[in-house]
Amino acid sequence: MTTVAIAEAQSDILSALRRLGGKATVGDVVSETGRTADEAREGLKGLLESHRGHMAVSDSGEILYAFDPRLIRRGSEPALVRFRRAAGRVARGVFKAWIVAMLVVYFAIFVALIVAALVASQRGGGDRKGGWGGGRRGHVGHFPGGNFWFWYWIMGSRWRVGRPYYGHRYERTLGKDDRVPFYKKVFAFVFGPDHPAPTQQQLDQSTLQLIRSRRGVLASAELVQHSALALPEADEEMGRLMATYDGEPAVSESGELAYAFPGLMVSAHGRVKAREPKPAWGRLEYPLEITGNDSKSNAIVAGINGFNLLAAVTAPWFIFPRLGIGGILAYVGLVAIPVVYSTLFFAIPGLRALGVRRENRRRERRNVRRVLLGLVYEMTLKKGAGVMLEPAVAHVASSLPDQAVSRKDVEKEFHALAAEFDADVEPDPDGNLVFRFPKLRNQFAAAEGLRSRMKLEAAELGEIVYDTSDSPEEASARDMAAFDRELAGASLADLGRYVGPTTDVGYEEDWELVSD
């Protein structure tokens, strides 16, 4: 189909989806639009890339395309929100430049004035004529504002304008010549370090590596293992990945979807071999830091601002009388403005600390979920056993020794996982509730069966698992036979190899996705 034809087909399908409340099978779209089944299938698949939605399986075994009823585009934002964000970026840039200028300029002014006042005191009251140090004005005026090395320290040498600073742990990974300039640490002190904003392509890289390492086939439960997304979000993300990277769905008899990506397994260098990325519990989130600077940098910035504040507050009693300075302009310029500025300089990080604390609380809960995922996947896929709450609490607490783990948080995340995967709950002989996750195993089994039959890693299609020309009866019969083979062939040893050591808990930096 040409680009124009595809656009026309998608427009027709969107209109049909609006009438159908956002949910449709290929047959629904064909009957509503008069398009062929291939056009309907390709159009729906393309819309999964551009609009929020996912794939499911209907009671009859048909693939169901479920979109948000409002048919919201992915990443869409109102124009006003985009304008505010752009205006905010400009305003922050101007404000940051003003902050550094104020801090450094007032520091230079107050150093010069204090030196002049001390010299004037030694001369018995100072030179009233000059008001700024008399005959030594030219000398003190060059300290430190006219010093080349002072400005070299402020601005840095090789640091390009706009380059992000993600904090002191990021700084330690840089070469010795890529010294972070002082002004970036001033920004970080007030506003916090820069936060990475990875592109969708950067976010997809590790997922594509996972698909390749799992022989071109992935199920939503496997994406959860990798990303810690909630299962409904993983279903939606799998739909987007399928549309973006030319995947195809396959349905097991139990109604589990797996996705094959043949194109990702074709390489100019022979058989594809990819190293599996770390699972979610190996990529925990570090807590945010208020400034991101190391203690030395914070002490320097705070010391300079504290010096300015002290100098401004004491100026009417120490500097003004010795140098003969007075008048409303002097009080405004050398007392009121620096006092307000320096106070805000200290107050803003204090206010930001509240937001950082809230975000770190969310990160702690996400880390609890990630560690719980490791336990649930291990017990389900390696040991074929259920999971109980109390051992889960102990496992999370031992895996996160640097984090205060509450039983309430673990219980909340544990029950959320059980709800996502429709866990079966039954009491053991002692009356303790045991949670089993057959849906999790079924998804892995469906994906493993599809891998075995398609053999994408060897560029062999093997037995056909999905054919658009099938009648519903033929598709159902083949799915039933295929899933029987999946359950028979997918042993704990087969599925357990996809779960690495759950005790190997580690952290991942936010900026690792975008670092040069």
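Residues numbered from 1 in each chain as written. Predicted model: local features only at pLDDT ≥ 70, side-chain atom pairs only at ≥ 80, totals over all residues. Heavy atoms only, no water.

A description of the sheet that holds strand β4 (residues 217-219) should follow, citing residues and the corresponding values.
Pairing is antiparallel in the open sheet, where 3 strands are placed in the order β4-β6-β5. The open sheet has two edge strands with one neighbour each: β4 and β5 (248-251). Within this sheet the neighbouring strands show an average axis-to-axis angle of 30°, counted without direction. Here β5 runs beside strand β6 (residues 257-260); their pairing, made up of 4 bridges, is antiparallel. From the neighbouring strand, P249 faces β6, where its bridge partner is Y259. (Pairing = 2+ DSSP bridges. Helix = DSSP H or I, 4+ residues; strand = E, 2+ residues; numbered from the N terminus. Axes fitted to C-alpha atoms, helices over the stretch in contact; angles between N-to-C directions.)

Give a description of the packing of aromatic side chains that names residues and reports values.
Counted according to the given criterion, the structure contains 16 aromatic pairs. Measuring from centroid to centroid gives 5.4 Å for F107 and F307, while their planes differ by 70°, and the two rings are edge-to-face. Of the two residues, F107 is situated in helix α4 (residues 79-122) and F307 in helix α12 (residues 295-323); the sequence distance between them amounts to 200 residues. Look at Y166 and Y170: their rings are 5.0 Å apart centre to centre, the planes differ by 75°, and that puts the pair in the edge-to-face class. The same class applies to Y166 and to Y170, which are both buried. (Phe/Tyr/Trp six-rings, centres within 6.5 Å; stacked < 30°, edge-to-face > 60°. Buried < 20%, exposed > 50% of the residue type's maximum accessible area, 1.4 Å probe, protein only.)

Explain the environment of A66 to me, and be specific about the residues and the numbers.
For A66, the location among the structural elements is in strand β3 (residues 63-67). Judged by its relative accessible area of 7%, A66 is buried. Each C-alpha atom of the pair A66 and K23 lies 4.5 Å from the other, and the pair is 43 residues apart in sequence.

Give a description of unusual backbone geometry that names residues and reports values.
In this structure, A228 takes a positive phi of about 65° despite not being glycine. As for its position among the elements, A228 is in the loop between α10 (220-227) and α11 (231-244). Owing to a relative accessible area of 13%, A228 belongs among the buried residues under this scheme. Here K455, not a glycine, exhibits a phi torsion of approximately 50°, which is positive. Note on placement: K455 falls in the loop between α16 (438-454) and α17 (472-489).

So what's going on with the pattern of salt bridges? Residues and values would help.
The tally for this structure, following the rule as stated, stands at 33 salt bridges. Put simply, R35 and D12 hold a salt bridge, and the shortest N to O gap is 2.7 Å. A residue pair is termed long-range when its members are at least 10 positions apart, and R35 in the loop between α2 (26-33) and α3 (37-50) and D12 in helix α1 (residues 3-19) qualify at 23 residues. Residue classification places R35 among the buried positions, given a relative accessible area of 17%. Take D12: its relative accessible area is 30%, and that puts it in the partly exposed class. E508 is paired through a salt bridge with R283; the nearest N and O atoms lie 3.5 Å apart. Residue E508 is located in strand β10 (residues 507-508), and its partner R283 is located in the loop between β6 and β7 (284-285); the two are separated by 225 residues in the primary sequence. Residue classification places E508 among the partly exposed positions, given a relative accessible area of 25%. Its relative accessible area of 15% is what places R283 among the buried residues. Salt bridges sharing partners connect three or more residues here, namely R214, R215, E222, E276, E448, R451 and R497. (Salt bridge = Lys/Arg side-chain N within 4 Å of Asp/Glu carboxyl O.)

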